[in-house]
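So you can see what is in the structure, the chains are spelled out below.
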Amino acid sequence: MASRLAALGMLPYKNRVALAWLHPNGYIAASAELSRADLRMGPHVFIGERVVVYRQGNTAPVELGEGVELHHECMIEAFEGGTVSIGSRTTIQARCNFAAAGASISIGSGVQIAQLCGFYSFDHGFMPNQPIYQQPITTKGPITIEDDVWLGFNVIVLSGVRIGQGAVIGAGSVVTRDIPSKAIAAGVPARVLRMR
Ligand SMILES: CC(C)(COP(=O)(O)OP(=O)(O)OC[C@H]1O[C@@H](n2cnc3c(N)ncnc32)[C@H](O)[C@@H]1OP(=O)(O)O)[C@@H](O)C(=O)NCCC(=O)NCCS
């Protein structure tokens, strides 16, 4: 109810980010699906329409730093011991997915993530002798995105990958290996094109 009242008369979408800066409690759209128990939030966090935050069992709460923006229909899932943390002033555009299981997903500060990016810190087991749905999940390790990284539209980051501070990843890339700090990388799989 408070979110609906606050947004009355406001223009839609990113115009509402300003509301998050009116009070340390930030702004959570009424259509977002989340529970306070699943979240540890810094001040002035913006959570847009139909964002979902889901945590299963006793996995650690999802952490969002000061001024984080999670836009339309982003989805964060943490289960089977996976955790998700997002550093201050990081902006995540619409429809990004973060799924952490077996290993963490850790996003630094001031990171720019364009629409439709995906982060998966696990794989399903796929040994040949058993149906995939019966197999335990596997992981190559945590995903770490360091400060000041920019990920273009529709980038996918797989488990065990670290993207170094200030790196740029081109639109449509699939990042399967570490990318050094200040590199500009792109492609499937992502390769370094040059350094900034
Ligand atoms: C990665 C990027 C920043 C590089 O820009 P740039 O430095 O100007 O690069 P160039 O256009 O000079 O391209 C250099 C080479 O990389 C290739 N390349 C560039 N972007 C690529 C991409 N996303 N995927 C695959 N290859 C790519 C080019 O084809 C070119 O290859 P060539 O040398 O064989 O011709 C840019 O191409 C990009 O992908 N931007 C993302 C845009 C976006 O998603 N915006 C969302 C708003 S947040």
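For the structure, see preceding data.
Not measured: the values here are computed from a predicted model.

Scoring rules and cut-offs
- Residues numbered from 1 in each chain as written.
- Predicted model: local features only at pLDDT ≥ 70, side-chain atom pairs only at ≥ 80, totals over all residues.
- Heavy atoms only, no water.
- Pairing = 2+ DSSP bridges.
- Helix = DSSP H or I, 4+ residues; strand = E, 2+ residues; numbered from the N terminus.
- Salt bridge = Lys/Arg side-chain N within 4 Å of Asp/Glu carboxyl O.
- Patch = residues over 30% accessible without salt bridge, like charges linked within 9 Å, V, L, I, M, F, W, Y side chains within 5 Å.
- Areas by Shrake-Rupley, 256 points an atom, 1.4 Å probe, with all protein chains shown as cover.
- Buried < 20%, exposed > 50% of the residue type's maximum accessible area, 1.4 Å probe, protein only.
- Contact = heavy atoms within 4.5 Å.

(A) Spotlight on the sheet that holds strand β22 (residues 183-186). Strand order in the open sheet formed by 9 strands is β1-β3-β6-β9-β12-β17-β20-β22-β23, and the pairing between neighbours is mixed. Unpaired on one side and paired on the other, β1 (27-28) and β23 (191-195) mark the two borders of the sheet. One ladder, built from 2 bridges, connects strand β12 (residues 112-113) with strand β17 (residues 150-151); its direction is parallel. Residue pairing for β17: Ile-113 is matched across the bridge by Leu-151.

(B) How the structure looks around the sheet that holds strand β16 (residues 143-145). Read from one edge to the other, the open sheet built from 6 strands follows the order β2-β5-β8-β11-β16-β19, with strand pairing classed as parallel. Two strands bound the open sheet, and with one partner strand each, they are β2 (39-41) and β19 (162-163).

(C) Structural detail: the pattern of salt bridges. Under the definition given, this model contains 8 salt bridges. Between Arg-50 and Glu-73 there is a salt bridge, and its shortest N-O distance comes to 2.8 Å. Separated by 23 residues along the polypeptide, Arg-50 in the loop between β3 (46-47) and β4 (52-55) and Glu-73 in the loop between β6 (69-70) and β7 (75-79) bring together distant segments of the chain. Arg-95 is paired through a salt bridge with Glu-73; the nearest N and O atoms lie 2.7 Å apart. Here Arg-95, found in the loop between β9 (91-92) and β10 (97-101), pairs with Glu-73, found in the loop between β6 and β7; they are 22 residues apart in sequence, far enough to count as distant.

(D) Inspection of a nonpolar patch on the surface at higher detail. Taken together, Met-1, Leu-5 and Leu-8 make up a surface patch of nonpolar side chains, about 400 Å² in accessible area. Mapping Leu-5 onto the fold places it in helix α1 (residues 2-7). Classification of Leu-5 as exposed rests on a relative accessible area of 55%.

(E) Looking closely at the environment of Asn-97. In this structure, Asn-97 sits in strand β10. Assessed through its relative accessible area of 28%, Asn-97 is described here as partly exposed. Here the alpha-carbon distance between Asn-97 and Gly-82, two residues 15 residues apart in the chain, equals 14 Å. The residues contacting Asn-97, other than those within four sequence positions of it, are Met-75, Cys-117, Gly-118, Phe-119 and Tyr-120.

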